[in-house]
Structures are given as structure tokens and as C-alpha cells.
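A closer look at the structure
In case you want the letters, here they are:
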Amino acid sequence: MTPDWQTLVRPNIWHLAPYSSARDEYTGTDANIFLDANENPYNRPNNRYPDPLQRELKKHVSRVKGVPVQNIFLGNGSDEAIDLIFRVFCRPSKDNVVAIEPTYGMYSVCAAINDIEYRRVPLEADFSMRSDQMLNACSKDTKAIFICSPNNPTGNAIDRKEILNICEKFSGIVVVDEAYGDFQRGESLSKSIDEHPNLVVLSTLSKAWGSAAIRLGMAFACEEVISFFNKVKYPYNVNQLTQDEAMAMLGRSEDVDKWIRMILAERPKVMQAVSLLPCCVKVYPTEANFFLVKMTDADAIYQYLCNRGIVVRNRSRVALCGNCLRITIGTHSENSALIAALRQWN
Ligand code: PMP
């Protein structure tokens, strides 16, 4: 559905005159003496502010992801885009958002920071999502629906038809977080942003691209949403070192494909070995670089592994995940060390 932007965007953001930086005002290429930004003329190249709109980097993202540059927002991790959804669209203490439960913890934390009611809709027993239940949880003040696919921590992908049904029927923003999408077969929903102006698809270099340290997240959306994000973001939100490294990484898609293949080849072996352990109750199917496993005693096994220098994620206090650990697929030798340690548990 095409939102009525003026009613969807917070009134103060709609009327905001954004900060205009020196690098926003001069965008030509002819000048070679820059006395406009109070920079130090020494210590090149780090003395200069980076491009606030990361135009060069966006060309690389566009080529790799197949999304036009005008539909790309880049941020300090995809966490920045998550926070911007709240700051652009949600009126503190008035509006609410709806999200699948369980899911990535930052949605609820950002909601709390921005004083927004967070409505949790439990997934089914097999962790699938029902679009009717998501839509039923909405009120007139629901500004966004958060869907993570493949979902963290459950690992399963959410049915595309159910997501698109929400896009068609909901008049607010539908956020689809594809942080783990590179591990999944099938097309990214970023290819559907033209048909669905309320769809915001998140992606990141932190997972399959092996670059969590550099902090580069992406949001793909219609030009209106991108312009609201640009209005509210910090002027120089992606630093030059990150932009340079991200461009280098985006030229290494063959390496990334190889890493994905190696991780996906390891994944069934680790899952199979874990499923045969006496301490394993159930291994859940996954489309990500991790899987969820129900254990006999998740807390004790988590502590036991920590004592052996192996850290997994204890999700046992998360809704629908009682006694569950979330295990990331590592290298072959890391995975073997995990299995060997678990075999010695009794
Ligand atoms: N979305 C999901 C589902 C995640 O699991 C994570 C990181 N754990 C993020 C977003 C944040 O990623 P980034 O490093 O790009 O901020």
C-alpha cells in the first residue's frame, strides 16, 4: 500500500529543516582549495570530511545488490536504519509498532529508547508467521511492522507471500530485515520495493560479507523513505575508512560466495552431529549461518561450553525458545571443537 506520507511521518520530522553540511552545499568537482569546512589542511587524507551521502559507495552497492542508488540508504550498521524507523515515523508515547516474537532484540530496545509501545505477535510452533495475526495486532497508531527473515534467533525464513500480504494491506512501514538473506536461496525482497512503497528491506555487511567490524548497514526503500532517513541521520554517519573498506569488500564477491558455500556445507554436518547428542532435544531448521537447538539443560551446557572457551548464545529466556541455544556455524575446526566438547558433556 502507498502510505499517506504526511500522516505517517512524525510532524516535527515532516517540517524539519535538516542540517546542511559544508559537503552538502558544495558538491562540484572543479574546486581544489577547500576552506569551507574548518578542516585542518594537514594530515591528508583523513583531514577531510567524507561524502555525507556516500555516492561512490552507493554505486558499488547498487551494482552488487541490483538496487538503484536513489533507493539506497547506508548507515552505521543496519542498527542505524532500525533506529531511524522509530525516529522518523513514531511519535513518542503515542504510536506503536508490531513485531514477530521471538526476533532480533534491537527492535524492542529501539522502541523502548524512543518511548514507543512494542506489540509482540508470537510465531506459530514451527516459527512461521501468520499475516492475519500481524494485521490484527495493529491499531490506527501502528506505524511499522518488523519482520526478520531469515529470523534471528529461530533461523527460518518467513513466507514471502505472507510478507507481501502485509505490504498490500498495511498502510504503515513494513520492515523486512534480511541481515541473513545472503545465506538464503531465492530473491531478496529488495526487488519488490517498486511495487511496495511501504517496504523497507534491511541488509548488512556484518554477516556473509565478513565485515562486522567496519559497521556498514543498508536499507532499500522508495525514494521518499530514503529522503526521510537522510533528513534525520547524522551528517557524516558513515566514516571514510568504512566507505573505503566497504568498496574493497564489494569487489570481493567471489570470496564472499566461497565463504557462504563453506558455511552452508558445514551447517548440515554440525546440525546432524548436534542432533545425535544425548543432551539435544531438537534441532530447528535454518536458512541462516546459525541454528537454534533445544537442549536438555541450556543454562548448564552454555556455562560448560564457556568454561571450555566456546561461546554460543543462550536464548533459553527468549519467548518460545525455552532451553534453546543459538549456535553460529564457524570454521571446520571450530565446529569440530564444539562437537567434541558437547560429546563430553554428561
Ligand atoms: N538485524 C539482525 C537480524 C541481526 O541479527 C543483526 C546483528 N546481530 C543486525 C540486524 C544488526 O546488524 P549490523 O551489524 O548491520 O548493525
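In what follows, the accompanying structure is described.

Parameters and conventions
- Residues numbered from 1 in each chain as written.
- Predicted model: local features only at pLDDT ≥ 70, side-chain atom pairs only at ≥ 80, totals over all residues.
- Heavy atoms only, no water.
- Phe/Tyr/Trp six-rings, centres within 6.5 Å; stacked < 30°, edge-to-face > 60°.
- Helix = DSSP H or I, 4+ residues; strand = E, 2+ residues; numbered from the N terminus.
- Buried < 20%, exposed > 50% of the residue type's maximum accessible area, 1.4 Å probe, protein only.
- Axes fitted to C-alpha atoms, helices over the stretch in contact; angles between N-to-C directions.
- Parallel < 35°, antiparallel > 145°, perpendicular 65-115°, else oblique.
- Left-handed = near helix turned anticlockwise from the far one by under 90°.
- Contact = heavy atoms within 4.5 Å.
- Nonpolar A, V, L, I, M, F, W, Y, C, P; charged D, E, K, R; others polar.
- Pairing = 2+ DSSP bridges.

Let's shift gears to the packing of aromatic side chains. Applying the stated criterion across every chain, the model contains twelve aromatic pairs. An angle of 55° between the planes, with centres 5.8 Å apart, marks the rings of Trp5 and Phe228 as tilted. Placement of the pair is Trp5 in helix 1 (residues 5-8) and Phe228 in helix 9 (residues 223-232), with a sequence separation of 223 residues. By the burial criterion, Trp5 is buried, and Phe228 matches it. Look at Tyr49 and Tyr236: their rings are 4.4 Å apart centre to centre, the planes differ by 15°, and that puts the pair in the stacked class.

Let us look at the packing of helix 4 (residues 55-65) against helix 10 (residues 240-250). For the pair helix 4 and helix 10, the least separation of the axes is 10 Å and the interaxial angle reads 25°. Considering their axes alone, helix 4 and helix 10 lie roughly parallel with respect to each other. Here helix 4 and helix 10 pass one another in a crossing that is left-handed. In this structure, helix 4 contributes Glu56, Leu57, His60, Val61, Arg63 and Val64 to the contact, and helix 10 contributes Gln243, Ala246, Met247 and Leu250.

Take unusual backbone geometry next. A cis amide bond links Ser149 with the next residue in sequence, Pro150, at an omega value of -5°. Note on placement: Pro150 falls in the loop between strand 4 (142-148) and helix 8 (160-169). The omega angle of the peptide bond from Asn152 to Pro153 is 15°, so this bond is cis rather than trans. Relative to the helices and strands, Pro153 resides in the loop between strand 4 and helix 8. The backbone of Gln54 sits at a positive phi, close to 45°, despite the residue not being glycine. Tracing the sequence through the fold places Gln54 in the loop between helix 3 (22-25) and helix 4. Look at Gln54 and you get buried, because its relative accessible area is 1%. Residue Phe127 is not a glycine yet carries a positive backbone phi of 70°.

This part takes up the environment of Ala37. For Ala37, the location among the structural elements is in the loop between helix 3 and helix 4. Among the residues examined, Ala37 registers a relative accessible area of 13% and is labelled buried. Separated by 14 residues in sequence, Ala37 and Arg23 have C-alpha atoms that sit 7.7 Å apart. Setting aside residues up to four positions removed in sequence, Ala37 forms contacts with Ala22, Arg23 and Tyr49.

Another aspect to go through is the packing of helix 5 (residues 78-89) against helix 6 (residues 106-113). When two helices pack together, their arrangement is given by the angle between the helix axes and the distance between those axes. At a closest axis distance of 9 Å, the pairing of helix 5 and helix 6 adopts a crossing angle of 40°. By the criterion of interaxial angle, the relationship of helix 5 to helix 6 is oblique. Note on packing geometry: the crossing formed by helix 5 with helix 6 is right-handed. The residues of helix 6 that touch helix 5, namely those facing Asp79, Ile82, Asp83 and Phe86, are Met106, Tyr107, Cys110 and Ala111. Looking at the contact of helix 5 with helix 6 residue by residue, the class counts come to six nonpolar, no polar and two charged.

Our focus in this paragraph is the pairing of strand 8 (residues 280-283). In regular strands, side chains alternate between the two faces of the sheet. Judged from the three bridges that link them, strand 8 and strand 9 (residues 290-295) form a sheet pairing that is antiparallel. Each bridged residue has a counterpart across the sheet, and for Lys282 the counterpart in strand 9 is Lys294. With antiparallel pairing between neighbouring strands as the criterion, strand 8 and strand 9 make up a hairpin whose turn holds six residues.

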